[in-house]
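Coordinates in review
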Amino acid sequence: MDSNHFKTLDLNLLRVFDEVMSERSLTRAAQKLSLTQPAVSNALRRFREAIGDDLIKRKGQEMVPTARALALWPAVRDALRQLQAVMTPSKFVLGEANTTFVLAMADATAVALMPRLVDTINRDAPGISIRVVPLTTRDPRRLLDEEEADMAIGYFPAVFADLTARAQAGETVAFTQQRLYSGEYVCVMRRDHPLATEPLTLAGYCAARHLLVSFSGRPFGFIDESLALLGM
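Residues numbered from 1 in each chain as written. Predicted model: local features only at pLDDT ≥ 70, side-chain atom pairs only at ≥ 80, totals over all residues. Heavy atoms only, no water.

Here the focus is the packing of aromatic side chains. According to the stated counting rule, one finds two aromatic pairs in the structure shown. Ring centres of Phe 17 and Phe 47 lie 5.1 Å apart, and the angle between their planes is 50°; this geometry places the pair in the tilted category. Of this pair, Phe 17 sits in helix α2 (residues 12-23) while Phe 47 sits in helix α4 (residues 37-51); the two residues are 30 residues apart in sequence, bridging distant segments of the chain. Among the residues examined, Phe 47 registers a relative accessible area of 2% and is labelled buried. A centroid spacing of 6.2 Å and a plane angle of 85° characterise the contact between Phe 156 and Phe 160, whose relative ring orientation is edge-to-face. (Phe/Tyr/Trp six-rings, centres within 6.5 Å; stacked < 30°, edge-to-face > 60°. Helix = DSSP H or I, 4+ residues; strand = E, 2+ residues; numbered from the N terminus. Buried < 20%, exposed > 50% of the residue type's maximum accessible area, 1.4 Å probe, protein only.)

This is the structure we're talking about:
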């Protein structure tokens, strides 16, 4: 590899190479890296192109590393371990921490989560403080990038789709997400509303007037987007 190739090398490819060499299996390496198998295959292909060597060859059901791969692996693994040791923060002791965490979420989400979270903090981490700020966007990555918030809690389908596509393409993804709970929407109306006296249909729902609370100020929400997909 010449110096120009090294300058543009995605260092995440080294992690993929290390796991593939360790596991000798794309499937197991993908599981260890929390990536899809196509994403691991794509990353390995990019590393092959950068190195100019096949690195791994399939022999029957086995994956056999080339001589170049065997020569590279110890150095790559040692470099990754050294980098991890340097960048790993000091151990976080929950009961001794006095950190302030900023969480971005909508008021309805805060109502659902904060009471139990406060009880947990008071019990297990009394020195920790939580500050909640309003979530006014459907893409919180800028908030996290600019450190205006440490975590955003909400429903971000477009963001999840973009992160998944980037991971499958072998790109480095700087964000992680986890499902906390599942919820469902309900339809609320006054007791004497015309729709309250008969089975609620989609046509009847769409014909009625609606109230939308919008933190972003946009005149449409998730329900409108779902209806649009149905041509309603």
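So that's the structure; there's more coming.
Attention now moves to the confidence of the model for the protein. Any region with low pLDDT has predicted coordinates that should not be read closely. Of all residues in the protein, 95% attain a pLDDT of 70 or more, and the chain-wide mean is 87. Looking across the protein, the model is least confident in helix α1 (residues 3-7), with a mean pLDDT of 57, and most confident in strand β5 (residues 151-153), with 96. (pLDDT = per-residue confidence, 0-100.)

Another aspect to go through is the environment of Val 159. Here Val 159 shows up in helix α8 (residues 157-168). Given a relative accessible area of 7%, Val 159 falls into the buried group. Counting along the chain gives 18 residues from Val 159 to Arg 141, while the straight-line C-alpha distance between them is 8.4 Å. Val 159 has contacts with Arg 138, Asp 139, Pro 140 and Arg 141, leaving out every residue within four places of it along the chain. (Contact = heavy atoms within 4.5 Å.)

A separate point is a nonpolar patch on the surface. Taken together, Leu 83, Val 86 and Met 87 make up a surface patch of nonpolar side chains, about 340 Å² in accessible area. Take Val 86: it is sitting in helix α5 (residues 67-87). The class of Val 86 is exposed, set by a relative accessible area of 69%. (Patch = residues over 30% accessible without salt bridge, like charges linked within 9 Å, V, L, I, M, F, W, Y side chains within 5 Å. Areas by Shrake-Rupley, 256 points an atom, 1.4 Å probe, with all protein chains shown as cover. Salt bridge = Lys/Arg side-chain N within 4 Å of Asp/Glu carboxyl O.)

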